[in-house]
Amino acid sequence: MSPTTPRIGFVSLGCPKATVDSEQVITRLRAEGYAIVPDYDNADMVIINTCGFIESAVDESLQTIDEALQQNGRVIVTGCLGSRAQMIESRFPSLLAVTGPQARDQVMQAVHQHLPAPHDPFLELVPKQGVRLTPRHYAYLKISEGCNHRCSFCIIPSLRGDLTSRPIDQVLDEAQVLAAAGIREILVISQDTSAYGVDCRYATRFWQGQPLQTRFFDLARALGQFGLWIRLHYVYPYPHVGDVIPLMADGAILPYLDIPFQHASKTILKAMRRPGSRDRVLERITKWREICPELVIRSTFIVGFPGETETDFEELLDFLDCAQLDRVGCFTYSAVEGAAANALPDPVPAAVKQERYHRFMQRQQVISARKLSARIGQELTVLVESATEQGFVARSYADAPEIDGLVHIDGDQRLSVGDFYRVEITAADEYDLYARLSK
Ligand code: SF4
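Thresholds applied
The residue numbering used here restarts from 1 in each chain and proceeds along that chain's sequence as written. Residues qualify for local features only when their pLDDT is at least 70, as the model is predicted, and side-chain atom pairs are given and counted only at 80 or more; totals for whole chains, interfaces and linings, by contrast, use all residues. A set of buried Ala, Val, Leu, Ile, Met, Phe, Trp, Tyr and Cys residues, joined through C-beta atoms within 7 Å, is what we mean by a nonpolar core. With C-beta atoms placed from the backbone, the exposure class of a residue follows from how many other C-beta atoms lie within 10 Å of its own: 20 or more, buried; 12 or fewer, exposed; in between, partly exposed. We call two residues in contact when their backbone-placed C-beta atoms lie within 7 Å. Near, as applied to residues and a molecule or strand, means the residue's backbone-placed C-beta atom lies within 6 Å of it. Each residue gets one of three labels, nonpolar for Ala, Val, Leu, Ile, Met, Phe, Trp, Tyr, Cys and Pro, charged for Asp, Glu, Lys and Arg, and polar for the others, Gly among them. Runs of H or I in DSSP of at least four residues are treated as helices and runs of E of at least two as strands, each being numbered from the N terminus. When DSSP locates at least two bridges between a pair of strands, those strands are taken to pair. Here, the term right-handed applies to a crossover whose path from the first strand over the helix to the second runs clockwise when the strands point away from the viewer. Working convention: axes come from line fits to C-alpha atoms, limited for helices to the stretch in contact. Angles between N-to-C directions cover 0 to 180 degrees. Each angle receives one of four descriptions, namely roughly parallel if under 35 degrees, roughly antiparallel if over 145, roughly perpendicular if within 65 to 115, and oblique otherwise. Note on convention: near helix rotated counterclockwise from far helix by under a right angle means a left-handed crossing. Clockwise means right-handed.

Caption draft 1: Quick peek at the nonpolar core. If you look at the biggest cluster of nonpolar residues, it comprises 110 residues, and the most contacted ones within it are Ile76, Leu141, Ile186, Leu219 and Ile253. The residues contacting Leu219, other than those within four sequence positions of it, are Ile143, Ile168, Val171 and Tyr196.

Caption draft 2: Quick look at the site of the ligand. Near the ligand the following residues occur: Cys147, His149, Arg150, Cys151, Cys154, Ile156, Pro157, Gln191, Asp192 and Tyr236. Per-class residue counts for the shell around the ligand are 6 nonpolar, 2 polar and 2 charged.

Caption draft 3: Structural view of the pairing of strand β14 (residues 296-303). Counting buried positions along β14 gives 7 out of 8 residues, so the element sits mostly inside the fold. Examined bridge by bridge, strand β13 (residues 256-258) and β14 share 3 bridges and lie parallel to one another. Looking at β14, one finds that Asp258 is bridged to Arg298. Handedness of the β-α-β unit built from β14, helix α11 (residues 310-323) and strand β15 (residues 327-332) comes out right-handed.

Caption draft 4: Highlighting the pairing of strand β3 (residues 45-50). Counting buried positions along β3 gives 6 out of 6 residues, so the element sits mostly inside the fold. Covered by surrounding structure in β3 are Met45, Ile47 and Asn49 together with Val46, Ile48 and Thr50, the residues of both alternating faces. Two strands pair when backbone bridges link them, and β3 and strand β4 (residues 75-79) are joined in this way by 5 bridges, in the parallel orientation. Bridging across to β4, Thr50 finds its partner in Gly79. Note that the unit made of β3, helix α2 (residues 55-71) and β4 has a crossover that is right-handed.

Caption draft 5: Examining the sheet that holds strand β20 (residues 433-437) more closely. Read around the closed barrel, the 5 strands follow the order β16-β17-β18-β20-β19; overall the barrel is mixed. This sheet shows a mean twist of 50 degrees between the axes of neighbouring strands, independent of strand direction. Taken together, the 5 bridges between strand β16 (residues 379-387) and strand β19 (residues 420-428) define a ladder with antiparallel strand orientation. The residue of β19 that forms the bridge with Thr381 is Arg422.

Caption draft 6: How the structure looks around the packing of α11 against helix α12 (residues 350-373). Relative to each other, α11 and α12 sit at 15 degrees, their axes nearing to 10 Å. Judged by the inter-axis angle, α11 sits roughly parallel to α12. Considering how the two elements wind past one another, α11 and α12 form a crossing that is right-handed. Taken together, the residues of α12 that come into contact with α11 (itself represented by Phe313, Leu317 and Leu320) are Arg356, Phe360, Arg363, Gln364 and Ile367.

Caption draft 7: How the structure looks around the sheet that holds strand β2 (residues 35-37). Taken in spatial order, the 5 strands line up as β2-β1-β3-β4-β5 in an open sheet, and their pairing is parallel. The two strands at the open ends of the sheet, each matched to only one other strand, are β2 and β5 (97-98). The sheet contact formed by β4 and β5 spans 2 bridges and is parallel. For Ile76, the partnering residue across the bridge sits in β5 and is Ala97. Strands β1 (7-12), β2, β3 and β4 of the sheet are contacted by helix α1 (residues 16-31), whose axis makes an angle of about 170 degrees with β1. Here helix α4 (residues 104-114) sits on the sheet and contacts β3, β4 and β5; the angle it forms with β4, its principal contact strand, is near 175 degrees.

Caption draft 8: Main features of the packing of helix α6 (residues 168-180) against helix α7 (residues 216-223). At a closest axis distance of 11 Å, the pairing of α6 and α7 adopts a crossing angle of 25 degrees. Considering their axes alone, α6 and α7 lie roughly parallel with respect to each other. As for the relative orientation of α6 and α7, their crossing is right-handed in sense. Residues Ile168, Val171, Leu172 and Ala175 of α6 form the contact with α7, whose participating residues are Asp218, Leu219, Ala222 and Leu223. Among the residues making up the contact of α6 with α7, the classes are represented as 7 nonpolar, no polar and 1 charged.

Take a look at the structure:
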């Protein structure tokens with residue numbers, strides 16, 4: 001890096017969708033010759049991509065802004081929290097600029113205004129697949145923005161608007177570039193993956209001479225042709241989700257579905273403004289498992305939603321027992337500024353929320369431990385994530401990065417990070433598996 005290269009510190013907070021926004025801004029910055037540096041002290045300016053989804057994320061974003069202002073002083077704020085510009089500007093009047101989510105052009109304008117680009121735009125070569133914030137072997141592929149639902153606890157639609165799907169040919173072009181760059185796993189993300197294409201009425205596009213509809217199934221099938229691990233996240237539980245299960249059974253895409261069910265009680269789902277009949281969901285899960293027995297289902301739930309009674313909560317625990325989900329995350333409900341749920345009566349006291357959270361986790365731990373111990377003796381393909389003092393950690397098809405468990409591989413063999421290996425499972429606990437290399 002030349003001493004005159006303008007240097008930008010970049011902090012990316014929030015979910016994988018925000019990570020993709022950050023990657024796009026960083027790619028543009030690098031293409032224009034800016035350098036990205038890992039600390040505040042050596043940066044000429046700092047950009048913070050914030051998250052504003054729940055109160056703890058807002059706090060983390062505000063703390064990060066404060067820290068960057070103290071240590072650097074020249075700060076641009078963007079991302080979800082940026083949509084509350086007034087609040088941020090009144091709290092931090094010395095910020096250079098505040099822009100909202102997906103405001104990539106405005107971020108670039110603010111950068112140009114306060115830190116002009118170098119004259120030679122080719123000072124830094126940007127890889128064709130763009131700059132990725134994830135490890136070299138996996139990448140998030142964002143297929144749409146926004147959401148047509150109006151879940152009462154969520155402000156995403158007011159931050160990011162209604163569903164807008166990327167044309168299927170563009171998504172596949174990006175996947176192809178990722179495959180050519182050596183990526184092993186693509187994680188498909190959006191706010192609502194199974195609604196892909198609803199907004200453009202499933203428009204037909206052409207990709208490499210084949211007509212394809214901008215549709216969940218067509219996308220999953222086409223992605224399956226790349227020979228990579230394809231993992232589907234944020235799948236809303238519509239009936240047509242079942243269409244992709246045969247693709248999983250055939251090995252075209254990973255037998256893994258991330259479906260945030262959020263709750264199981266009819267009353268609470270109604271208050272959340274989410275569809276879903278417990279019995280129908282259970283029927284569907286049973287059918288999917290008949291077609292694809294290896295299917296792993298991950299989900300998230302909220303406990304302590306306003307109005308949740310002990311009976312509602314018991315219904316949720318009963319759902320866990322019946323559904324036997326593989327991976328489960330749980331949050332205690334917390335109000336989000338601007339969310340419709342804030343107006344609901346009967347808040348659940350904090351102590352009750354905590355108590356339900358622990359009961360929920362205990363119930364699921366038993367299920368998870370049983371499911372994982374059933375894997376002892378099985379052979380699995382794993383993707384190596386990193387080296388540790390004891391050996392290596394890897395993930396199987398059942399583990400998404402960051403949110404699920406790991407497979408710990410003991411031994412002194414040298415494995416390559418980002419490569420696939422076959423392992424034999426030797427032990428398990430509530431979250432992780434332990435393995436040795438297959439002979
Ligand atoms: S489906 Fe509901 S929770 Fe998910 S982004 Fe849309 S409104 Fe928010």
